Amino acid sequence: MDRLEWSDTNLVPGEEQVNLQPGIAIYDGQDKTCFENGVLTLTTHRVIWKDNRDRTRVLALQHSLVVYIEEQPSGFAKSAKIAVHVSAPGPNKKPGPVTQSRYDYIRFSFREAGEGQFFRDYNEQLQQKKWEHVIPQRKPGASRHRAGIMGIERTIQQTHANTDKNISQAFQDLTKLMEKAKEMVAISKSIATKIKDKQGDVTDDETIKFKSYLLSMGIPSPVTRDTHGSGDKYYTELARQLSNVLEKPLKECGGIMTLTDVYCRVNRARGMELLSPEDLLNACEMFELLRLPVRLKTFDSGVMVLQLQSHDEDQVIHLTTQLVEDKGSITAEDLSKEVGVSVILAKERLLLTEKVGGVCRDECVEGLRFYPNLFLTKVTCIT
């Protein structure tokens, strides 16, 4: 444990992420530690462990300290582990959780599987030794030397040619943008005039075209790793932007939306700067920590959704119970059509209502159907 050092998730120049596994605990040799549940990231330079609950607790183990690693298979009531045998720390080692350990090896316990591929990737990075390859940084103000008048003239001509090319492309893009903007303004004025004067109906083609233009505008300046780094700063800014973008659509959807729908909406709005599922999930987990108006919720079935902080589950349960009583019985597909949500969310609403005793289920060959809970509403006295 004395080889581990406090760190952050920002990658240094030339460092690349290779593998990532959740549900990792750290052992100091044979002894358990307080670092029980975190995400272990393998890079070309080190392994980084980040606590799931306290994201400020980040530990790193440099590859340069590793002598060899070995895989320890799982057994009865034991998870698979990777034992990392390390050399003595150098004098310039950063501070860590402990100053001295009686073991010369650390074990990473994989409680959610994935140790096989992680072990292979870890061995490969140790063999390649990419951390020893220092990327030379160009000194500020340094320039290539070209001797003679001809070299200066060629440089000036090349600069002018590149400038002309960039200006031409910029004007072409600007012309296309102006044409598209004029067309969109004309359509919006036409629709606004018809609504204002109440003359004629807005055609479906105009409505679809108008919405497609609005959707194509997307997010003007999406948060990326290039602009905000690769650590917690990136996830923090991404979480704030996602909250701003999704707050209005969530209100239109009744205050709740599945994470798969969120993934599709966000990536459509971001254009070419697509988000990975992992980055989206990590950013959504920051909502509560940053006290944003959007929250990540996981149902008992494992379905993950985003919902507004103001979303009232008690009201949803009451409305669902009332609807089932009015209909006599209902399925998730029926509820989906009635309230205008996806079938997955409709099923989760029914299961949530069942959990508090609002409805009862009937499982048959036709599927799952829900009925009013007469056990609570109707009491039969037997004399």
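Check the entry above for the structure.
Every chain is numbered independently, its residues counted from 1 as its sequence is written. With pLDDT at 70 or above as the cut-off, local features in this predicted model cover only qualifying residues; side-chain atom pairs require 80 or more to be listed or tallied, and sums for whole chains, interfaces and linings still use all residues. Each side-chain value is worked out from all heavy atoms of the structure, with water and hydrogens disregarded.

1. Quick notes on helix H5 (residues 232-252)
Thought 1: In this text, helices come from DSSP runs of H or I with a minimum length of four residues, and strands from runs of E with a minimum of two, each type numbered from the N-terminal end. Here the expected length of a helix is defined as 1.5 Å per residue gap, with one fewer gap than residues. Taking 1.5 Å per residue, 21 residues should reach 30 Å; H5 reaches 30 Å between its end C-alpha atoms and fits that length.
Thought 2: When a residue's accessible area, from a 1.4 Å probe over protein chains only, is under 20% of the maximum for its type it is buried; when over 50% it is exposed; and in between it is partly exposed. Residues of H5 that are buried include every one of Tyr234, Tyr235, Thr236, Leu238, Ala239, Gln241, Leu242, Ser243, Leu246, Pro249 and Leu250, and no others.
Thought 3: Downstream of H5 by one or two residues, glycine 254 has phi in the positive range, about 85 degrees.

2. Some remarks on the pattern of salt bridges
Thought 1: By definition, a salt bridge exists where a carboxyl oxygen of Asp or Glu is found within 4 Å of a side-chain nitrogen of Lys or Arg. The full count for this structure, using the stated rule, is 12 salt bridges.
Thought 2: Where lysine 355 meets aspartate 300, a salt bridge forms, and the shortest distance between an N and an O atom there is 2.9 Å. Highlighted residues: lysine 355 in helix H10 (residues 343-355) and aspartate 300 in the loop between strand S11 (294-298) and strand S12 (304-308), separated in sequence by 55 residues. Across the pair, exposure class does not vary: lysine 355 and aspartate 300 are exposed alike.
Thought 3: The closest approach of N and O atoms between glutamate 354 and arginine 361, which form a salt bridge, is 2.8 Å.
Thought 4: Classification of glutamate 354 as partly exposed rests on a relative accessible area of 22%.
Thought 5: Accessibility expressed as a relative area gives 37% for arginine 361, which makes it partly exposed.
Thought 6: A single salt-bridge network, built from bridges that share partners, covers Glu354, Arg361 and Glu363.

3. A short note on the pairing of strand S8 (residues 80-86)
Thought 1: Buried residues dominate S8, accounting for 7 of its 7 residues.
Thought 2: When DSSP finds two or more bridges between two strands, those strands count as paired. As defined by bridge partners, strand S7 (residues 66-72) adjoins S8 across 6 bridges and the pair is classed as antiparallel. In the strand pairing of S8, glutamine 72 is matched with lysine 81.
Thought 3: Relative to strand S9 (residues 105-110), S8 runs antiparallel, the two sharing 6 bridges. Bridging across to S9, isoleucine 82 finds its partner in phenylalanine 108.

4. A word on unusual backbone geometry
Thought 1: Backbone geometry places alanine 113, a non-glycine residue, at a positive phi of 65 degrees.
Thought 2: Of note, alanine 113 is situated in the loop between S9 and helix H1 (115-128).
Thought 3: Taking the relative accessible area as the measure of exposure, alanine 113 reaches 44% and is therefore partly exposed.
Thought 4: Within the chain, arginine 291 stands out as a residue other than glycine whose phi angle is a positive 60 degrees.
Thought 5: Looking at where arginine 291 falls in the secondary structure, it is placed in the loop between helix H7 (277-284) and S11.

5. Considerations on a nonpolar patch on the surface
Thought 1: Candidates for patches are residues over 30% relative accessible area with no salt bridge; among them, like charges are joined within 9 Å and nonpolar side chains (Val, Leu, Ile, Met, Phe, Trp, Tyr) within 5 Å. Areas reported here follow the Shrake-Rupley algorithm with a probe of radius 1.4 Å; residue values treat only the protein chains shown as occluding. On the surface, a cluster of nonpolar side chains totalling about 290 Å² of accessible area is made up of Ile149, Ile152 and Ile156.
Thought 2: Take isoleucine 149: it is sitting in helix H2 (residues 148-197).

6. Remarks on the nonpolar core
One broad trend across soluble globular proteins is that nonpolar side chains are buried collectively.
Thought 1: By size, the foremost hydrophobic cluster in this structure holds 25 residues, and its most contacted members are Ile26, Leu61, Val84, Phe108 and Tyr122.
Thought 2: Secondary-structure elements contributing two or more residues to this core are strand S2 (17-28), strand S4 (38-43), strand S5 (46-51), strand S6 (58-62), S7, S8, S9 and H1.
Thought 3: For this core, the leading source of residues is H1, giving 4 residues.
Thought 4: To form a nonpolar core, buried Ala, Val, Leu, Ile, Met, Phe, Trp, Tyr and Cys residues must be joined to one another through side-chain atoms within 4.5 Å. Formed by 22 residues, the second largest nonpolar core is a distinct cluster that contains Tyr235, Leu242, Leu259 and Leu280.

7. Quick word on the packing of H5 against H7
Thought 1: Relative to each other, H5 and H7 sit at 80 degrees, their axes nearing to 8 Å. With respect to H7, the element H5 is oriented roughly perpendicular. Here Tyr234, Tyr235, Leu238, Ala239 and Leu242 of H5 come into contact with H7, specifically with Glu278, Asp279, Leu280, Asn282 and Ala283. As a rule, the C-alpha atoms of each element are fitted with a line to give its axis, helices using only the stretch in contact, and angles between N-to-C directions run from 0 to 180 degrees. Comment on the angle field: the value is read as roughly parallel under 35 degrees, roughly antiparallel over 145, roughly perpendicular from 65 to 115, and oblique elsewhere. Contact definition: two residues touch when any of their heavy atoms are within 4.5 Å.

8. Brief notes about helix H8 (residues 313-327)
Thought 1: Between its terminal C-alpha atoms H8 stretches 21 Å, which fits the 21 Å expected from 15 residues at 1.5 Å a residue.
Thought 2: Three or more residues of H8 are buried, namely Val316, Ile317, Thr320, Thr321, Leu323 and Val324. Taken around the axis of H8, the buried residues stretch over an arc of 165 degrees, which confines them to a single face. Exposed residues on H8 whose side chains face more than 90 degrees from its buried face are Asp314, His318 and Asp326.
Thought 3: Packing partners of the buried residues in H8 comprise helix H9 (332-339), H10, strand S13 (359-364) and strand S14 (367-372).
Thought 4: Two to three positions downstream of the cap, the backbone nitrogen of aspartate 314 sits 3.1 Å from a side-chain oxygen, assigning the N-cap of H8 to aspartate 312.
Thought 5: Just downstream of H8, glycine 328 is the residue with a positive phi angle, here 90 degrees. Read the arc as the range of directions from the helix axis to the C-beta atoms. Here a polar contact is taken to be a pair of N or O atoms separated by no more than 3.5 Å, where protein atoms must pair a possible hydrogen donor with a possible acceptor and residues adjacent in sequence count only if both atoms sit in side chains.

9. Comments concerning the sheet that holds S12
Thought 1: With antiparallel pairing, the 3 strands of this open sheet are ordered in space as S10-S12-S11. Of all the strands in the sheet, the pair left with one neighbour each is strand S10 (256-258) and S11. For this sheet, the mean inter-axis angle between neighbouring strands, taken without regard to orientation, is 25 degrees.
Thought 2: Sheet topology note: the S11/S12 ladder contains 5 bridges and is antiparallel. Pairing of valine 294 across the sheet is with leucine 308, part of S12.

10. Examining the side chain of aspartate 279
Thought 1: Within the secondary structure layout, aspartate 279 lies in helix H7.
Thought 2: What aspartate 279 contacts, discounting residues up to four positions off in sequence, is Arg225, Tyr234, Tyr235 and Leu238.

11. A look at the environment of phenylalanine 287
Thought 1: Among the secondary structure elements, phenylalanine 287 is positioned in the loop between H7 and S11.
Thought 2: The exposure class assigned to phenylalanine 287 is buried, which follows from its relative accessible area of 0%.
Thought 3: Placed 48 residues apart in sequence, phenylalanine 287 and alanine 239 show a C-alpha to C-alpha distance of 6.3 Å.
Thought 4: Contact partners of phenylalanine 287, with chain neighbours within four places excluded, come to Ala239, Leu242, Ser243, Leu292, Val294, Arg295, Leu296 and Leu306.

Remember that the coordinates give geometry; whether it matters functionally is a separate question.
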